[in-house]
Amino acid sequence: MESTAEVATSTRLTIDVWADVLCPWCYLGEQRLSTAIEQSGHAGDIDLTIHTFQLDPHATTQLTPTLEYLAKKFGAAPDQARAMEQGVAEQARAEGLAYEIDRPVRNTFDLLRLVHLGTEHGVGWEYLRAMQAELFGGNQRAYEADTLIRLGEQLGLPAEEIRDVLATDRYADAVRADHDAAVAMGARGVPFTVLGRRLGVPGAVSVRQYTAAINQAWRQVNG
Amino acid sequence: MADAPPPVPPLLFLEGEADGFCDAETGVCAVPPPEPAPDAEPEPGLGVPSGQSRSGSPAAR
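J.: Requested: an account of the overall build of chain B, with residues and values cited.
T.: When helices and strands are counted, chain B shows zero helices and three strands. Starting at the N terminus and walking to the C terminus, you meet the elements of chain B as β-β-β. Counting every position in chain B, which comprises 61 residues, the buried fraction comes to 33%. A fraction of 43% describes how many contacts in chain B between residues 6 or more apart in sequence connect residues 24 or more apart. Entry remark: accessible area of chain B is about 4,000 Å², with carbon and sulfur atoms responsible for 62%.

J.: Give me the lowdown on the interface of chain B and chain A, citing residues and values where you can.
T.: Accessible area lost upon the coming together of the parts serves often as the stated size of an interface. If you look at the interface, chain B gives 33 residues, while chain A gives 36 residues. Between chain B and chain A, the buried area comes to about 2,500 Å², and carbon and sulfur atoms account for 63% of it. Three residues, Leu11, Leu12 and Leu14 of chain B, lead the burial of chain B against chain A; their summed loss comes to 25% of the area buried on that side. Counting the contacts that link chain B with chain A gives one salt bridge.

J.: Explain the packing of helix H1 (residues 24-40) of chain A against helix H9 (residues 207-222) of chain A to me, and be specific about the residues and the numbers.
T.: Residue and element names in this part refer to chain A. One way to put it is that H1 packs onto H9 with a least axis distance of 8 Å and a crossing angle of 55°. Taken together, the axes of H1 and H9 are oblique relative to one another. For H1 against H9, the interelement crossing comes out right-handed. Facing Gly29, Arg32, Leu33, Thr35, Ala36, Ile37, Gln39 and Ser40 of H1, the residues of H9 in contact are Val207, Tyr210, Thr211 and Ile214.

J.: Before we move on, can you summarise the environment of aspartate 16 of chain A with the specific residues and values?
T.: Residues and elements named next belong to chain A. Its place among the elements puts aspartate 16 in strand E1 (residues 13-19). A relative accessible area of 9% means that aspartate 16 is categorised as buried. With 24 residues separating them in the primary sequence, aspartate 16 and serine 40 have C-alpha atoms 16 Å apart. Discounting residues that sit within four places of it in the chain, aspartate 16 has contacts with Thr49, His51, Phe192, Thr193, Val194 and Arg197. Side chain to side chain, aspartate 16 and histidine 51 meet in a polar contact 2.8 Å long.

J.: Summarise the sheet that holds strand E6 (residues 192-195) of chain A; cite the residues concerned and give the values.
T.: Strand order across the open sheet formed by five strands is E2(A)-E1(A)-E6(A)-E7(A)-E1(B), with mixed pairing between neighbours. Lying at the two open borders of the sheet, with one neighbouring strand each, are strand E2 (46-52) of chain A together with strand E1 (12-13) of chain B. For E6 of chain A and strand E7 (residues 199-202) of chain A, the ladder comprises four bridges, and the chain directions are antiparallel. Looking at the pairing, leucine 195 of chain A lines up with leucine 199 of chain A of E7 of chain A. Relative to the sheet, helix H4 (residues 109-120) of chain A contacts E1 and E2 of chain A, its axis offset from that of E2 of chain A by approximately 150°. Across the sheet, helix H8 (residues 172-184) of chain A touches E1 and E2 of chain A, and the angle it forms with E2 of chain A is around 110°.

Rules of the game
Starting from 1, residues in each chain are numbered consecutively following that chain's sequence as written. The naming scheme follows written order: chains are lettered A onward, ligands numbered 1 onward. Confidence filtering applies because this is a predicted model: local features only for residues at pLDDT of at least 70, side-chain atom pairs given and counted only at 80 or more, and all residues used for totals across whole chains, interfaces and linings. Computation of side-chain values covers all heavy atoms of the structure but excludes hydrogens and water. Counting from the N terminus, the helices are DSSP H or I runs at least four residues long and the strands are E runs at least two residues long. Each residue is placed in one exposure class: buried if its accessible area under a 1.4 Å probe, protein chains only, is under 20% of its type's maximum, exposed if it is over 50%, and partly exposed if it falls in between. Contact between two residues is taken to exist if any of their heavy atoms lie within 4.5 Å; hydrogens are not considered. Exposure was quantified through the Shrake-Rupley algorithm and a 1.4 Å probe, taking into account, for residues, occlusion by the shown protein chains and nothing else. Here the quantity called buried area is the accessible surface, traced with a 1.4 Å probe, that two parts lose on coming together, added over both. Salt bridge criterion: a side-chain nitrogen from Lys or Arg within 4 Å of a carboxyl oxygen from Asp or Glu. In this description, a line fitted to the C-alpha atoms serves as the axis of each element, helices being fitted only across the stretch in contact, and the angle between N-to-C directions of two axes falls anywhere from 0 to 180 degrees. Oblique is the label for any angle not under 35 degrees, not over 145, and not in the 65 to 115 range, which are roughly parallel, roughly antiparallel and roughly perpendicular in turn. Crossing handedness: left-handed means the near helix sits turned counterclockwise from the far one by under a right angle, and right-handed means the same turn made clockwise. Any pair of N or O atoms that falls within 3.5 Å is considered a polar contact. Within protein, one atom must be able to donate a hydrogen and the other to accept it, and sequence-neighbouring residues count only if both atoms are side-chain atoms. A pair of strands is treated as paired once DSSP finds two or more bridges between them.

Structure, rendered in C-alpha cells:
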C-alpha cells in the first residue's frame with residue numbers, strides 16, 4: 001500500500017538574467033549571483049535562465065580596442081576611459097575574475113544568437129560565461145568562429161550547429177524577443193535579474209544583496 | 001477566440017544601490033566613483049556614480 005504521508009515540497013525558484021557578452025557588469029554580476037546561489041541553501045531548487053540583451057546593436061562588426069570604442073561612443077578622454085575600466089577591473093579581480101582592459105569590442109549579435117543555441121542544449125548560461133571568460137581574459141580572437149566553436153564543443157554543442165547558426169540568421173528573432181521582454185519589464189540596460197518572476201534586480205549588486213534577493217523571492221514563492 | 005494572457009504584475013525591485021550597470025540608451029557602463037581619500041574632495045569627471053533607480057533605470061549621473 002502506498003504511503004499517504006505528505007512530504008513537504010518546495011516550489012522551485014526561477015531566476016532570469018538578461019545580459020550581453022561584452023557587458024562588464026554582467027560578467028561580475030553573474031559571478032556574484034552564482035556565489036549567492038551556491039551559498040543560499042536553495043541551489044538545487046533554483047532554475048537559472050539566461051536571456052540575451054544586446055547593449056549596442058549598432059556596434060560595428062570590426063574589432064575595436066575597448067578604450068577606443070569608449071572614446072568614440074561616449075567622447076571619453078583616453079585617461080577617463082582607462083580610469084572607468086580600471087574601476088571595473090579592480091572589482092572583477094576581487095571576484096577572482098580575469099579582466100583585461102585592452103580587449104576588443106565588436107557587435108555581439110552573433111554571439112547572442114549562439115547563447116540561444118546553448119540554451120536549446122541546456123547550456124546557455126555556461127556558454128555566455130565561457131564567451132565572457134575568453135573576452136575579458138584578453139583573447140583577441142574571442143569573437144572568432146574557431147573560438148566560439150571550441151567553447152561550444154567544450155560544453156557539448158555540435159560544431160556543425162554552431163557553424164550553421166553563424167552562417168544563418170537562426171535565433172535572431174529570439175535575441176530580439178528577449179530584448180523586448182526585458183524592456184517591457186522596465187529594464188534600461190544590463191545585467192537585469194528577475195527572481196520568482198516578481199522581484200527585479202537592475203544592475204550588478206553584491207553577493208550579500210543577491211543573497212537577500214534570493215531569500216526574499218524564496219519566501220514569496222514558498223510562503 | 002483565444003483568451004487574452006493574464007496581466008503580468010509589475011516587478012518589485014530590490015532595495016539598495018547597484019554597484020554597476022550598463023545603460024542600453026547611453027552605452028555607459030557606470031562604475032562607482034573612486035573612494036576619496038579622507039582629506040580629499042571627490043574629483044569631478046573621474047568615474048561615474050553607480051546605482052539604479054527602483055524603476056529599473058540607472059540612477060541619475
